[in-house]
Amino acid sequence: MEVFDKQLDLSTYFKRRLSEGQTLGLVPTMGALHEGHFSIVRKALVTDPYVVVSIFVNPTQFDNPNDLKNYPRILNADIENLTSIDKERIVVYAPAVEDVYGANPISENIHLGGLDLQMEGKFRKGHFQGVATVVKKLFEIVKPQHAYFGEKDFQQLQIVRHLVKSFQLPVQIIGCEIYREANGLAMSSRNRLLSEETKLAAGCIFQSLKKAKDTFPTKTFDEIKEQVVADFENNTRFQLEYFEIAETETLAIHTRKNKSKKYRGCMAVFAGSVRLIDNIPLN
Ligand code: PAF
């Protein structure tokens, strides 16, 4: 499998390799790949003859230096796993910070239409500016026709869609369903930082979201929020950071239901120092 750490080598490779009309798919990741990522890569391979998997722990999207330092990095294992999926059609781009940012890794100031102000944006200052900056750079570097993002980071997915629209970027964004462990825990690179016991117990996150969905037709938003808070109240292992009901398109946080709109329940939970996020369509 081809693995590039320089954008110049990557684009030279595809200039020679891609025939007229062939599309390129991009699956942007920060590595420590798991079944959730692999399911996205497999989906991309159905549509695109070649799929670039970028593996880059983007410094500008971390508001907490310890989180950046502790983020799992297992490049060799990632390459091995992708090789076993398809070593001809998957190409890895795993650059150093300088190849993406030059000497100065800072976020651009990108207007994100207010989609970045609530939930993750509220609790992780500057996070989405960093995400938008690196995603835009990756699109410029890889020049994909399709880019695939998991719905686990639902706010990120909507922000990337906004970014593409507002800059009229020539790429189609494809959202991919959340891939879950048998107990419902959404797959995440951060799950590697959990003990087996905590991983098993973390099924309670999805249980709480499912309960919110089940009670959505009959309860008010306030009642559902109270119910979720109560789910975590006496839980010593997991601390709820937020649960919000956001309108799917705009991510606006409403207090009352509008029957013509679609909503997502989104939450962030701490398991010790590990922060987990998850969401569910409510209607
Ligand atoms: O979802 C992620 O892994 C990251 O936020 C992304 C999209 C690769 C940008 O660094």
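For the structure, see preceding data.
Computed from a predicted structure; not experimentally measured. (Residues numbered from 1 in each chain as written. Predicted model: local features only at pLDDT ≥ 70, side-chain atom pairs only at ≥ 80, totals over all residues. Heavy atoms only, no water.)

Draft legend 1. Looking closely at the overall build of the protein. Looking only at helices and strands, the protein has eleven helices and nine strands in total. For 283 residues, the compact-globule estimate of 2.2 N^0.38 gives 19 Å, and the C-alpha radius of gyration of the protein, at 19 Å, lies within 12% of that figure. Judged by the C-alpha coordinates and their principal axes, the protein covers about 60 × 40 × 35 Å. Within the protein, the fraction of its 283 residues that count as buried is 52%. For the protein, the share of sequence-separated contacts (at least 6 apart) that also reach a separation of at least 24 residues comes to 72%. For the protein, the exposed surface amounts to about 13800 Å²; the carbon and sulfur share of it is 50%. Positive and negative side-chain charges in the protein, numbering 36 and 35 respectively, have mean positions lying 3 Å apart. (Helix = DSSP H or I, 4+ residues; strand = E, 2+ residues; numbered from the N terminus. Rg over C-alpha atoms; globule rule 2.2 N^0.38 Å. Buried < 20%, exposed > 50% of the residue type's maximum accessible area, 1.4 Å probe, protein only. Contact = heavy atoms within 4.5 Å. Areas by Shrake-Rupley, 256 points an atom, 1.4 Å probe, with all protein chains shown as cover. Lys, Arg positive; Asp, Glu negative; His and termini not counted. Charge placed at Lys NZ, Arg CZ, Asp CG, Glu CD.)

Draft legend 2. Structural detail: the packing of helix H10 (residues 203–215) against helix H11 (residues 221–233). Where H10 meets H11, the axes come as close as 10 Å, and the angle between the chain directions of the two elements is 155°. Considering their axes alone, H10 and H11 lie roughly antiparallel with respect to each other. Helix-helix and strand crossings are classified by hand; for H10 and H11 the assignment is right-handed. Residues Cys 204, Ile 205, Ser 208, Lys 211, Ala 212 and Thr 215 of H10 form the contact with H11, whose own contacting residues are Ile 224, Gln 227, Val 228, Asp 231 and Phe 232. When grouped by side-chain class, the residues that make up the contact of H10 with H11 number six nonpolar, three polar and two charged. (Axes fitted to C-alpha atoms, helices over the stretch in contact; angles between N-to-C directions. Parallel < 35°, antiparallel > 145°, perpendicular 65-115°, else oblique. Left-handed = near helix turned anticlockwise from the far one by under 90°. Nonpolar A, V, L, I, M, F, W, Y, C, P; charged D, E, K, R; others polar.)

Draft legend 3. Main features of the pairing of strand S3 (residues 50–55). Counting buried positions over the six residues of S3 gives six, a clear majority of the element. Neither face of S3 is exposed, since Tyr 50, Val 52 and Ser 54 on one face and Val 51, Val 53 and Ile 55 on the opposite face are all buried. Relative to S3, strand S2 (residues 24–29) is paired through six bridges, and the arrangement is parallel. Opposite Val 27, over in S3, you have Val 53 as the bridge partner. Remark: the S2/helix H2 (residues 35–47)/S3 crossover connection has right-handed handedness. (Pairing = 2+ DSSP bridges. Right-handed = clockwise from strand over helix to strand, strands pointing away.)

Draft legend 4. The site of the ligand, seen in detail. In the vicinity of the ligand, the contacting residues are Pro 28, Thr 29, Met 30, Asn 58, Gln 61, Val 134, Phe 149, Asp 153 and Gln 156. Between the ligand and Gln 61 there is a distance of 2.6 Å, counted from an oxygen atom to a side-chain nitrogen or oxygen. At a separation of 2.7 Å, an oxygen atom of the ligand approaches a polar side-chain atom of Gln 156. When isolated, the ligand has an accessible area of 290 Å², and the protein chains bury 89% of it. When its residues are assigned to classes, the shell around the ligand shows four nonpolar, four polar and one charged. (Near = heavy atom within 4 Å. Polar contact = N/O pair within 3.5 Å; in protein donor to acceptor, adjacent residues only side chain to side chain.)

Draft legend 5. Just the pattern of salt bridges, in detail. Summed over the entire model, instances satisfying the criterion amount to 18 salt bridges. Across the pair Lys 152 and Asp 153 runs a salt bridge, and its minimum N-O distance is 3.8 Å. Of the charged contacts, one joins Glu 196 and Lys 199 as a salt bridge, the two residues approaching to 3.3 Å between their closest N and O atoms. Placement of both Glu 196 and Lys 199 in helix H9 (residues 196–201) is noted, with a separation of three residues, approximately one turn of the helix. For Glu 196, a relative accessible area of 56% translates into the label exposed. Bridged by salt links that share partners, the residues Asp 63, Asp 67, Arg 124 and Arg 190 form one connected network. (Salt bridge = Lys/Arg side-chain N within 4 Å of Asp/Glu carboxyl O.)

Draft legend 6. Summary view of the pairing of strand S4 (residues 90–93). Across the two faces of S4 the burial is the same, with Ile 90 and Val 92 and Val 91 and Tyr 93 all buried. Note: strand S1 (residues 2–4) against S4, three bridges, orientation parallel. Residue Val 3 lies in a different strand from S4, and its bridge partner there is Val 92. Looking at chain direction, S3 and S4 are connected through four bridges and run parallel. Bridge pairing links Val 52 to Val 91 in S4.

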